Amino acid sequence: MPSADTAGEPGAAPARRARSVTMEGMGQPHSRTGGQPELPPGQRLQRGWPVTHYGPVPKFKPERWDFRVFGATADGEKHGWDHEQFTSLPYETVVADLHCVAKFSMLGAEWGGVRARTLLELAPPAPEVTHVMVWAEYGFSSNMRLADFAVENAVFATHRGGELLTAEHGFPVRFVVPHLYAWKGPKWVRGVEYMTADRRGFWEERGYHNVADPWREQRYSYQEEPGDGPEL
Ligand SMILES: Nc1nc2c(c(=O)[nH]1)N[C@H]1C(S)=C(S)[C@@H](COP(=O)(O)O)O[C@H]1N2
Ligand SMILES: [Mo]
């Protein structure tokens with residue numbers, strides 16, 4: 001079994017040495033329909049499914065668990081589901097990769113759960129919403145553009161490969177947004193905040209890139225260009 005405890009991730013400590021990163025020509029097709037699996041630049045294929053996160057694994061307490069959508073909702077109200085209600089929402093599967101900024105990628109897993117798009121329909125954002133914050137247990141958070149959140153294969157997963165998630169992989173709900181580095185997909189998700197301006201999440205405040213497109217190798221915040229994120 002690969003190292004079961006890589007706490008302190010999302011990657012090795014950010015390399016602080018200056019590094020010239022050329023965005024030009026680095027964009028690559030995201031779809032891998034047919035043909036060979038494609039890895040984003042600098043990534044290697046990981047066999048198995050290591051556990052990677054910062055901090056302890058929270059204990060699931062069904063009676064106290066809820067999933068909230070709040071912030072700038074269209075109707076100005078908070079929306080919430082308890083565990084039974086959340087697991088009754090429309091269940092769909094997507095095939096999605098995970099690219100950890102620590103340079104390993106897991107390809108082609110089938111994730112099942114509630115698509116981000118479903119939540120956007122059930123609890124629509126106000127028209128001014130530009131970004132979302134996905135919130136997890138212990139105050140872990142990750143921000144992304146609404147457009148990145150709204151992709152068709154972003155999913156609040158309860159299952160992987162047809163099986164319920166284990167505690168260390170994010171049970172009861174983890175977010176998967178396959179076209180961004182995996183820290184943008186919190187495990188143990190508890191809610192989504194609609195935002196009318198961008199704000200940095202947990203790792204985005206701690207040296208990691210605000211946008212985090214693996215196909216552009218947007219790993220660290222020192223690589224950010226004007227417009228990529230709020231001032232640090
Ligand atoms: N709540 C929470 N979710 C998290 C993290 C974390 O530190 N806390 N780490 C992220 C990172 S860096 C990665 S690579 C993936 C790893 O998911 P896995 O342990 O299921 O492989 O979880 C992501 N989700
Ligand atoms: Mo990661």
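The structure displayed is predicted, hence computed values, not measured ones.

Calculation rules
- Sequence order as written defines the numbering, with residues in each chain counted from 1.
- Going through the entries in the order they are written, you letter the chains from A and number the ligands from 1.
- Note on the predicted model: pLDDT of at least 70 is required for a residue's local features to be given, and 80 or more for side-chain atom pairs to be given and counted; whole-chain, interface and lining totals, by contrast, use all residues.
- With hydrogens and water stripped out, all remaining heavy atoms of the structure feed into the side-chain values.
- Helix and strand definitions here come from DSSP, where helices need a minimum of 4 consecutive H or I residues and strands a minimum of 2 consecutive E residues; each element is numbered from the N-terminal end.
- Burial status follows relative accessibility: with a 1.4 Å probe on protein chains alone, a residue under 20% of its type maximum counts as buried, one over 50% as exposed, and anything between as partly exposed.
- Contact definition: two residues touch when any of their heavy atoms are within 4.5 Å.
- Areas reported as accessible are Shrake-Rupley estimates using a 1.4 Å probe. Residue values count occlusion only from the protein chains shown.
- One bridge is not enough; two strands pair if DSSP finds at least two bridges between them.
- An axis is simply a line fitted to the C-alpha atoms; with a helix, the fit covers only the stretch in contact. Between two such axes, the angle follows the N-to-C directions and lies from 0 to 180 degrees.
- The term salt bridge refers to a side-chain nitrogen of Lys or Arg lying within 4 Å of a carboxyl oxygen of Asp or Glu.
- What we call a nonpolar core is a set of buried Ala, Val, Leu, Ile, Met, Phe, Trp, Tyr and Cys residues that are connected through their side-chain atoms within 4.5 Å.
- Points on a 1 Å grid, built from protein atoms alone, make a cavity when a 1.4 Å probe fits but cannot get out and make a pocket when they are open with protein on both sides within 12 Å along at least 5 of 7 lines; residues with an atom within 4 Å of a point are the lining residues.
- Grid points are joined across faces, edges and corners, and a volume is the space filled by probe spheres set on the points.
- In protein, a polar contact means a hydrogen-donor-capable atom and an acceptor-capable atom, both N or O and within 3.5 Å, with residues adjacent in sequence counting only if both atoms are side-chain atoms; elsewhere, any N or O pair within 3.5 Å suffices.
- Three categories are distinguished: nonpolar for Ala, Val, Leu, Ile, Met, Phe, Trp, Tyr, Cys and Pro, charged for Asp, Glu, Lys and Arg, and polar for the others, with Gly belonging to the last.

Looking at the overall build of the protein
On a plain count of helices and strands, the protein comes out with three helices and 11 strands. Looking at the protein as a whole, 51% of its 232 residues are labelled buried. A separation of at least 24 residues holds for 69% of the contacts in the protein among residues at least 6 apart in sequence. Per element, the accessible surface of the protein, about 11,300 Å² overall, is 50% carbon and sulfur.

Quick look at the sheet that holds strand β6 (residues 131-136)
The strand order β3-β2-β11-β6-β7 describes an open sheet built from five strands, whose pairing is mixed. The open sheet has two edge strands, β3 (79-82) and β7 (141-145), and neither has a second partner. Each adjacent strand pair in this sheet contributes to an overall mean axis angle of 15°, direction not counted. Bridge count between β6 and strand β11 (residues 189-195): six bridges; the pairing is antiparallel. Across the sheet, Val132 pairs through a bridge with Tyr194, a residue of β11.

Overview of the pattern of salt bridges
Under the criterion given, the structure shown has 10 salt bridges. The closest approach of N and O atoms between Arg190 and Asp66, which form a salt bridge, is 2.7 Å. Taken together, the residues Arg190 in strand β11 and Asp66 in strand β2 (residues 66-71) connect sequence positions 124 residues apart. Between Lys184 and Glu204 there is a salt bridge, with the nearest N and O atoms lying 2.9 Å from each other. In this pair, Lys184 sits in the loop between β10 (174-176) and β11 while Glu204 sits in the segment after β11, placing the two residues 20 residues apart along the sequence. Under the relative-accessibility criterion, Glu204 is labelled buried at 0%.

Some points on the pairing of strand β4 (residues 92-99)
Two faces, one strand: in a regular strand the side chains alternate between the faces of the sheet. Relative to strand β5 (residues 104-115), β4 runs antiparallel, the two sharing seven bridges. Each bridged residue has a counterpart across the sheet, and for Leu98 the counterpart in β5 is Met106. Hairpin connection from β4 to β5: four residues lie between these consecutive antiparallel strands, with Lys103 at a positive phi of about 90°.

What to know about the nonpolar core
Counting 29 residues, the largest nonpolar core has Phe67, Phe86, Phe149, Phe156, Phe175 and Tyr194 as its most contacted members. Within the residue set of this core, elements represented by two or more residues are β2, α2 (116-122), β6, α3 (146-149) and β11. The next biggest cluster of nonpolar side chains, apart from the first, holds 15 residues, and it includes Ala96, Cys100, Phe104 and Ala182.

As for the pairing of β2
Sheet topology places β2 next to β3; four bridges connect them, and they run antiparallel. Counted as the bridge partner of Asp66 is Asp82 from β3.

A look at empty space enclosed by the protein
On inspection of all chains with the given rule, the structure shows one cavity of 30 Å³ or more. Empty space within the largest cavity amounts to approximately 40 Å³. Forming the boundary of the largest cavity are Pro58, Lys59, Phe60, Trp65, Glu137, Phe171, Pro172 and Trp188.

Thoughts on the environment of Asp82
Looking at the element boundaries, Asp82 is found in strand β3. Sequence-wise, Asp82 and Arg64 are 18 residues apart; in three dimensions their C-alpha atoms are separated by 8.3 Å. Beyond its immediate chain neighbours, meaning those up to four positions away, Asp82 contacts Trp65 and Asp66. Engagement of the side chain of Asp82 in a polar contact is seen with the backbone nitrogen of Gln85, the distance being 2.8 Å.

Here we look at the layout of surface pockets
Here the largest pocket is characterised by a volume of approximately 400 Å³. Residue lining of the largest pocket: 28 residues in total, with Thr52, His53, Tyr54, Phe140 and Lys187 positioned closest to the centre. By residue class, the composition of the lining of the largest pocket is 19 nonpolar, five polar and four charged.

Such coordinate-based values are descriptive only and should not be taken to indicate function.
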